[in-house]
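Chain by chain, the residues:
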Amino acid sequence: MSSRGDHQTVPLSVLLKRELANEKIEKPEIVHGQASQSKKGEDFTFLKTECERAMGDGVTTFSVFGLFDGHNGSAAAIYTKENLLNNVLTAIPADLNRDEWVAALPRALVAGFVKTDKDFQEKAKTSGTTVTFVIIDRWVITVASVGDSRCILESAEGGIYYLSADHRLECNEEERERITASGGEVGRLNTGGGNEIGPLRCWPGGLCLSRSIGDMDVGEYIVPVPYVKQVKLSTAGGRMIISSDGVWDALSAEAAIDCCRGMPPDAAAAQIVKEALQAKGLRDDTTCIVVDILPQEKPAAPLPPPKKPVKGMLKAMFRKKPSESSSNVDHEYMEPDIVEELFEEGSAMLSERLDTKYPLCNMFKLFMCAVCQLEIKPGEGISIHAGTSRSVKLRPWDGPFLCSSCQEKKEAMEGRRLSGSNERSLPLPLSLFLHCKIRLLKDPCFFLFQIDTVVTVTS
């Protein structure tokens, strides 16, 4: 018989309590609200809490929230809202268990974003959109983002977590380096005489973002490959805020969280928008989605008082949640409030984002394009590693593979080819744009140029 000191005995009352609560703990309650003030009518949202998917002999559900902040028109935002989720789900193999499905999401999101961008550009419409796209499966949150809308999370204990990346050229040095390495130029608008105005922009085109969906008239240096972060909440839950730049240009993450503390999601979203408008006025479409992720047995209630925010990486934010129970036994076995980082990747290179280093052998089928999911005839697939340092060591079966159309898209995003054409536009020096006719679209992200002469060279 084991001695008492060999292991820790769990009281029967605790075990029974766990069994009774197990079903409720496995799946949180999702409560959400949204608010918006429109300036141009180019912000759109997608809110769905009961998306179904087959799993084994039954059906399980997950939640999806999306924010699409359009520019130069609303066509890209509307198209992405209507098609992105389907493109992501199509990229996930069938017959996966829950853990495999969650692990497949980051790569499926990359494929879905690129396919949505490629399909929209084939419609020859010139608008673009930022995207912040969130999938919640039980306690796992997966966020994919391009552009400057943001998603933040406050855990039940009070730690603040940043789940998206800001792709404004002004504040992202890595993206500036990527664009210049691909042949683009980054600079401010030169009005002559050495005077420069406005934020940093990518030229040709004049977009101040480095990633978006759409923007076919800006150039392929602006890529749709999303930054993806995946975290797992403890069963204590938390509050998530997804907002367009109309909010974040006016409020810090801490201010947004504090101004709506204790409010239900609908009122919280409205309060955040109100605070942003009071600070900066209605300069742009201003949209906010608030999502509370709660244990089912716990009703929506005021969050605890704010703790001093911890800045830095997620690992610097791990803390233990103090128990509110008067029972020493309950306190001893209560799960600590920990937000666990499962995945994070922000590279713009498809060869890195769709790599085969993945536990599922069927994640990308041998004769299926990894982006558009179309069947490829044997021998016609092009490895995503073609043209990289790994290409000299490729074997015929080294995938994933792309169809010829998606390979063109990949090369264009890397600055090696203009998508959909056998011509390659020469990067135009900033000085040349002084001779262009400029029409400001009253959009802080975008300028449209009418150029009398276009210089091209056949590849």
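For the structure itself, look to the data block above.
Residues numbered from 1 in each chain as written. Predicted model: local features only at pLDDT ≥ 70, side-chain atom pairs only at ≥ 80, totals over all residues. Heavy atoms only, no water.

J.: Can you help me understand the pattern of salt bridges in this one?
T.: One side chain can pair with another of opposite charge once the charged atoms of both are near each other. Applying the stated criterion across every chain yields a total of 21 salt bridges. Here Asp166 and Arg150 are joined by a salt bridge, their closest N and O atoms 2.9 Å apart. Highlighted residues: Asp166 in the loop between β7 (160–162) and α4 (173–181) and Arg150 in strand β6 (residues 150–155), separated in sequence by 16 residues. A salt bridge links Asp249 to Arg168; the shortest N-O distance between them is 2.8 Å. Linking Asp249 in the loop between α5 (245–248) and α6 (253–259) with Arg168 in the loop between β7 and α4, this pair joins segments that are 81 residues apart in sequence. Using a relative accessible area of 41% as the deciding quantity, one classes Asp249 as partly exposed. (Salt bridge = Lys/Arg side-chain N within 4 Å of Asp/Glu carboxyl O. Helix = DSSP H or I, 4+ residues; strand = E, 2+ residues; numbered from the N terminus. Buried < 20%, exposed > 50% of the residue type's maximum accessible area, 1.4 Å probe, protein only.)

J.: Which parts of the structure should I look at to understand the packing of helix α3 (residues 98–121) against helix α10 (residues 404–413)?
T.: Pairs of packed helices are described in terms of their axes, by the angle between the two and the distance that separates them. The geometry of α3 relative to α10 is characterised by a closest axis approach of 11 Å and an angle of 100 degrees between their N-to-C directions. Of the possible angle classes, the one that applies to α3 and α10 is roughly perpendicular. Here α3 contributes Val114, Asp117, Lys118 and Gln121 to the contact with α10, which in turn contributes Ser405, Cys406 and Lys409. Of the residues assigned to the contact of α3 with α10, the class counts are two nonpolar, two polar and three charged. (Axes fitted to C-alpha atoms, helices over the stretch in contact; angles between N-to-C directions. Parallel < 35°, antiparallel > 145°, perpendicular 65-115°, else oblique. Contact = heavy atoms within 4.5 Å. Nonpolar A, V, L, I, M, F, W, Y, C, P; charged D, E, K, R; others polar.)

J.: It is not clear to me how α3 should be interpreted in this structure. Could you clarify?
T.: For an α-helix the count is 3.6 residues per turn, leaving residues at separations of three or four pointing the same way. Given a rise of 1.5 Å per residue, 24 residues ought to cover 34 Å, and the 34 Å separating the end C-alpha atoms of α3 matches this to within 8%. Counting buried positions along α3 yields 21 of 24 residues, so the element is predominantly enclosed. Between the side-chain oxygen of the N-cap and the backbone nitrogen of Asp99 there are 3.2 Å, and the N-cap of α3 in question is Asn97. (Expected span 1.5 Å × (residues − 1). Polar contact = N/O pair within 3.5 Å; in protein donor to acceptor, adjacent residues only side chain to side chain.)

Don't take any of this as a statement about function, it's just geometry.
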